[in-house]
Structure formats: structure tokens, C-alpha cells
Amino acid sequence: MRGCRRLALLCALPWLLRAAVPGRPATPRAQPQAAPARGADLDRVYSGVVSASTENIYAFNYTSQPGQVTAVRVYVNSSSENLDYPVLVVVRQQKEVLSWQVPLLFQGLYQRSYNYQEVSRTLCPSKATNETGPLKQLIFVDVASMAPLGAHYKLLVTKIKHFQLRTNVAFHFAASPSQPQKKDFPDEQFFVVFVIKPEDYACGGSFFIRENENQTWNLQRTKNLEVTIVSSIKGSVYVKSTLFSIFIFLSFYLGCLLVVFVHYVRFQRKSIDGSFSSNDESGNMAVSHPIAASTPEGSNYGAIDESSSSPGRQVSSSDGGQPCQSDTDSSVEESDFDTMPDIESDKNIIRTKMFLYLSDLSRKDRRIVSKKYKIYFWNIITIAVFYALPVIQLVITYQTVVNVTGNQDICYYNFLCAHPLGVLSAFNNILSNLGHVLLGFLFLLIVLRRDILHRRALEAKDIFAMEYGIPKHFGLFYAMGIALMMEGVLSACYHICPNYSNFQFDTSFMYMIAGLCMLKLYQTRHPDINASAYSAYASFAVVIMLTVLGVVFGKNDVWFWIIFSAIHILASLALSTQIYYMGRFKIDVSDTDLGIFRRAAMVFYTDCIQQCSRPLYMDRMVLLIVGNLVNWSFALFGLISRPRDFASYVLGIFICNLLLYLAFYIIMKLRSSEKVLPLPLFCIVATMAVWAAALYFFFQNLSSWEGTPAESREKNRECVLLDFFDDHDVWHFLSATALFFSFLVLLTLDDDLDMVRRDQIPVF
């Protein structure tokens, strides 16, 4: 106890000493405390000065009645322009805290800064209910600054008269960069925040700024807004549009069944009359002409027997009683691919003849070649799975970010015709890609039917199936059907959140479709020397890699365009050389003295300068010259203009080359006195008509990620079909139909040759 008394005396000693000093009262000095909150009224302007030692706190209260939403807005103005010592404002509510500073600094283009001295914010209201009764709201506004000489300010807190938006009622209000506006929809379904940018660049793209130009007008820029909320479409519209999309493409299934039924009836009638031929226009194979036992099916599927007399005749190499081999591919190993019984010199003799016939280029075992082309089908399935899964994951992430943040500038929709469903913001753009999937599957069924009929004919040893017409290999057709289906899937993925980074997903399988169509056209007359699936898909991978590099670096990088144009031109020349010499052009890399270049120069001098001789393969030369001119023009155009949409630029190269080759093929077919049957002729006309209509809707440009989100919204348009689909959705419908008819053209174009011997079918 004695120790405690001594401690108390030591603590009281300073107070006793102060009391002993004359003229000083012995009272303790108060500790510095925050200024007490003073009551304040709404709709009244308060002014004051705050500094490092002065802080003002205002307390506002009001009562919210049940069924009413009362929102409050806080305005703060400061005449101080000192950014080092701004006025700090902190607003405290029951569940939220909001803070900002005045002057408020915004960064513009070229590191320009804009200081706004009047800032206002809308506070989130607490809604009173019938259970709680009238709800008393209390708001504290804390105004402070660290300015040593003080900073002047003005404060105004007021109720917002029109805070809630109403359906079909126009609301007018103003907003500025420092004073964004927030509006709420009844029942807290959603709210809208209007943010104004300090410069036009954020909305309108780049603009010219003069040096030392006075930008004070930016500080007074205010936007007068008019907002109207309209009701979304009813659920019945979703159902009607979905059923329309399904039925419109199921009608193609019914049409195909009708065509098959008609051909079946015709076939049965001809069978009864005994006047049917081996193949009608639909590709149905008859089995009335068994092949002789001296020509086994697996040995030489392009051979014509020795008794035939026609140009380009080929003698069968199978003499004797070799047993007929089964048509199954299970006995064919992958190591047997591209094996050929004739020696390399025989290849050179045959493939470099001036006039080639199909029998010259269909000498390999049919089973080996067929299995080689089936690799296209299995590889594209593998590619589709590994390519689509990361794409789906990425676009789902994009959609989640849009839904969580509410940022409508991430994805470039046609907002005037974007109908959400669940978590999807534009379900109509996804639904319209259903046609690619349904028609791609239908094409697979059509190819499967032809494949089954052809196998039955081969099992029956039908001579017309084995030695007449174009050799039937369906692997590329199966790959084309899968590519069409995957184009629909990836296009739907792109339209989940269309933007600059995702556009390559929409075009990747379009490259494959165009490439596979060109390979199929070439395979028709060159079945033995077409590219393997591995080299073809490796080439597509290189193209997609270049496309990704173009999307990243192709905007303003001149060196990228120089390198890409050089690669484009060199690839065109290399491919042209291989096509012209039927794959028999080779460079002797073991020739170390560069003699190959001297020989090439000598050939060029003697054939092109000294004698100006006519090209050995005139038709091929004309095609390749035109093709190279087209590709060099594309390369020059890209190098000069450097289009920002690099993916579409590359796709245009593929499509133009495909159209050029198809036109050449049809012209050469007609020049060779071959016919175009009614079915492929109908498909050609339908393809041209549907593509023309599809391109019209494609070029409507309802949105564009090449500009800013605001510029893209200026291009938005209303729906044009069923109040649900816009012009781009119609493009999806028509382009799927056009691709389907295009595939049918390739499938049926040479049906007229099914009764023509292969040594009478020219190669071009």
C-alpha cells in the first residue's frame, strides 16, 4: 500500500508544479478531438474552410416511407486548385462508405490532365418495407484537408426527384465527367450508371489536338441524356424463334428424304423393266456387271483391261488367278501409305506426259488411298475437340466478367437486337448458328449413304464402281461435314462475346473449309498425288499461327507485313511449281556446286528468251498465272493498306483462291465435253443465289470492334426477322445454307462420269 501512495504522488507532481506558477490555473488541457457532427438540413448549401487542424462533419437525416425509394445526391465544390492538398470527402451510411477528392483529376489522351472542381455522387438508398415501417436514414459527411493554409469548399445534399426509371417513360437529366448519374429500376432488378468521358477519344476514336490548345471547354462539357426503358420480348417470342430455326433446317432433311425416295422409285422401275444402268444421277450403284476374276479389286483399282482401246490406255498388271481381296481397310497398315508398285522413273514418265488421263493418276491400291483420306476425318475431329474446349472456357469467362461488372464495352453486340437468355447476353446470335450444325450433320448423312452404296457395289464386284468414273474416296467429304459443324460451334462461341481478340475463333474453321474444298477439287482428278492429311493440317496450323500473329502485330508493324507478304508470294510460287509438274519437281540438295541454279537459268533462257516456246501444259499454266496474279495482288494490297481485320484478310485470300479454282474446274470440264447433270446444276444455281443474298446481309455492319464501343453502337440496328433476329443472324442462316449447297456441288459435280472409263477422263 505504501508503494501505491508513492506512485500516486509522482503522478500528481506535474499538476502541483503548474499550480505553483503564478497566473496559470491548475486545470488540465483538453486533448485534440474531432469536431462533433453538427446537424444539417437537406437542400441547403454549406460553406467552410478545412485545413490540417480543422475538420467538419455534417449529419443529415431523413425518413423513408414504405413503398418509396428516396435517393440522396451529395455535391461538393472547392475553389482550390492545389492537387497536393485536395479537399477530401467521406460519406458514411448505415452499410456503405463512399469517398472522393476535390479537385478530381482525370487523365486524357497524350497524358493530358483535367481537374474538376465540382464533384457529385449518388448514394445508394435503403428501402423501407411494410415490415420495418418508416425507416430513418442517417448520413454523415466528413470534409477534411491537409492544406496548411486551409481550403474553401461548398457542400449541398439534396434528394433526387426522379431516381427510379419507369417503363416507356422518357427521363431527361444531365451528366458530366465529374458528376456521373445513377438510376435504379423498381424492385432492384438492375441499375444504370452513366459515365461521361473527359475527351472524345474514348467514344469517337483518335482526333487531332493542336499544341498549346486551350482545353478548358472540356471542364464544362455536359451531356444532356434522355433514357427510356422498354419491355423485353415475351417468352413466346423465344419459343417461336427457336422452333423456326429448327424447322427451317429440318426441312432440308425432308427435302433430302424426298429426293432419295424419288430416286429409289426410279431405280425400282428400271430394275423391273430391265433397262437400268449402273448409276443414276443420285449416285446409286447397280450391280449388273460383275468384274472378271482376272482383275482383283485390291491390286489396281484404276486399271482398264487390255482389250480396251482408247487414249491413255493402261494395261492391268494382274494376270492369273489372284484371289479377290476384301474391301475392308483393317488389313492395310499405315506404313503402306503412298506405296506404289511402279518405280520412280515410271512416275516421271507417266506424270510428265503432255496429256494425262485419270487412269494415269489412279494406280495405287484403292484401300490404301481410301484409308489415307480417312485420316482427314479422324484428325479434324481431334483438332476440333482440342481447339474448341479452350475457346468455350475463354468465352464463358468473358461472359462472366460482363455479367459481374456490368461493363457493356467488353463485348460488341448489336444492342438494339440483343436478346438475353440466362447468362447469355445475345442468345439470338448464338441460336442462328444452329444451321451450320444441322446442315453439317445432314451432309455427313448424305456422304455416308453414298459411301455405303459404293461399298456395296465394290463387294458385288461392279465393274462400273471399280474401273469407271471418278474414284470414290469420302474421307475429305466427312472432314468437310465436321468442319461445317465446328464452324457453327465456334461462331456461336465468338458471338457469346464478340470482340477483337475472339474473332479468330469465328474464322479458323473457315480456313479449313476453304482449304478442304480446294483439296477435294484437286483430289478428284489427282487421287494418287493429293496432299496427305498431316501436311494439310500442318499447313492450316501455320496459317492460323500467322493469323494470330497478324491479330497481335499486324496493326501498325510494317515489318510483319513485309515478312507475311514475302511468305505469301514464295508459298504461291512453290505450290504452283508442285502443281505444274504434278509433284515431280525436285531440287537436288546434294548438288553443292549450285548447278541446279545454272540449269534453271539455262532452261529459262532457252525456253523463254531464245525460242519463246509454248508451255508444255498450257491449261495448268493459265490457271497458275491467274492464281499467282491474284495472290500477288493480295500481298501488295496488304502491304500497302495493312487492314486491321487481318483474319478476314486471310480468309479473303482462301475464298478467292477457292472460287478461282472452282471456276477453272467447271470451265475445263465443259471444254472437255463433259456434262453437268440437273442435280449439280441446281446446286450451282442455288449456291450462287444464296451466297449473293448472304453477302448482302453480311455487309450490313451492325457492329464493329475495329472502332470504339461508342462507334460500334452507332451502327446498331433493330431486328428484321420475327422481332428476334438481326441482319447478322440472317447471314448465319444463309451462309450455312450456301456452304451446304457448295458442298453438294463438289459431291455431285462429276456424277456424269460414272459410266465413263477412267482412261477417257482427262486430268486438269
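Look up: the structure comes first, before these words.
Residues numbered from 1 in each chain as written. Predicted model: local features only at pLDDT ≥ 70, side-chain atom pairs only at ≥ 80, totals over all residues. Heavy atoms only, no water.

We now examine the sheet that holds strand β11 (residues 151-159). The strand order across the open sheet formed by 4 strands is β2-β11-β4-β9, and the pairing between neighbours is antiparallel. At either margin of the open sheet sits one strand with a lone partner, and together these are β2 (45-50) and β9 (118-123). Pairwise comparison of adjacent strand axes, ignoring direction, gives a mean angle of 20° for this sheet. In the sheet, strand β4 (residues 72-77) pairs with β9 via 6 bridges, with the strands oriented antiparallel. The residue of β9 that forms the bridge with V72 is L123. (Pairing = 2+ DSSP bridges. Helix = DSSP H or I, 4+ residues; strand = E, 2+ residues; numbered from the N terminus. Axes fitted to C-alpha atoms, helices over the stretch in contact; angles between N-to-C directions.)

We now examine unusual backbone geometry. Keep in mind that most residues, glycine aside, have a negative phi and that most peptide bonds are trans. Here the bond from V102 into P103 is cis, since omega is 5°, no more than 30 degrees from zero. Residue position: P103 is located in the loop between β6 (97-102) and β7 (104-107). If you check the backbone angles, K461 has positive phi at about 60° while not being a glycine. Tracing the backbone through its elements, the reader meets K461 in the loop between α7 (434-459) and α8 (463-467). Positive phi is not limited to glycine here, since L722 has a value of about 60°. Here L722 lies in the loop between α17 (709-714) and α18 (727-748).

Before going further, it helps to spend a moment on the layout of surface pockets. A volume near 2700 Å³ is recorded for the largest pocket. What lines the largest pocket is a set of 49 residues, among which V192, F194, Q408, F415 and R713 lie closest to the centre. Counting residues per element, the lining of the largest pocket draws most heavily on strand β15 (residues 223-228), at 5 residues. Split into classes, the residues belonging to the lining of the largest pocket amount to 27 nonpolar, 12 polar and 10 charged. (1 Å grid on protein atoms, 1.4 Å probe; cavity = no way out; pocket = protein on both sides within 12 Å on 5 of 7 lines; lining within 4 Å. Points joined across faces, edges and corners; volume = space filled by probe spheres on them. Nonpolar A, V, L, I, M, F, W, Y, C, P; charged D, E, K, R; others polar.)

This brings us to the packing of helix α5 (residues 366-405) against helix α10 (residues 503-525). For the pair α5 and α10, the least separation of the axes is 11 Å and the interaxial angle reads 170°. The orientation of α5 with respect to α10, classified from their angle, is roughly antiparallel. Judged by residue contacts, Y373, Y376, I380, I383, A384, Y387, V391, L394 and V395 of α5 engage Q504, F505, S508, F509, M512, L516, L519 and Q523 from α10. (Parallel < 35°, antiparallel > 145°, perpendicular 65-115°, else oblique. Contact = heavy atoms within 4.5 Å.)

As a further point, take empty space enclosed by the protein. Summed over the entire model, instances satisfying the criterion amount to 8 cavities of 30 Å³ or more. Lining the largest cavity are 17 residues, and of these I470, K472, F477, K520 and L747 lie nearest its centre. Those elements giving two or more residues to the lining of the largest cavity turn out to be α10 and α18. Take the lining of the largest cavity: its biggest share by element is 3 residues, from α10. Each residue belonging to the lining of the largest cavity can be placed in one class, and the counts come to 8 nonpolar, 3 polar and 6 charged.

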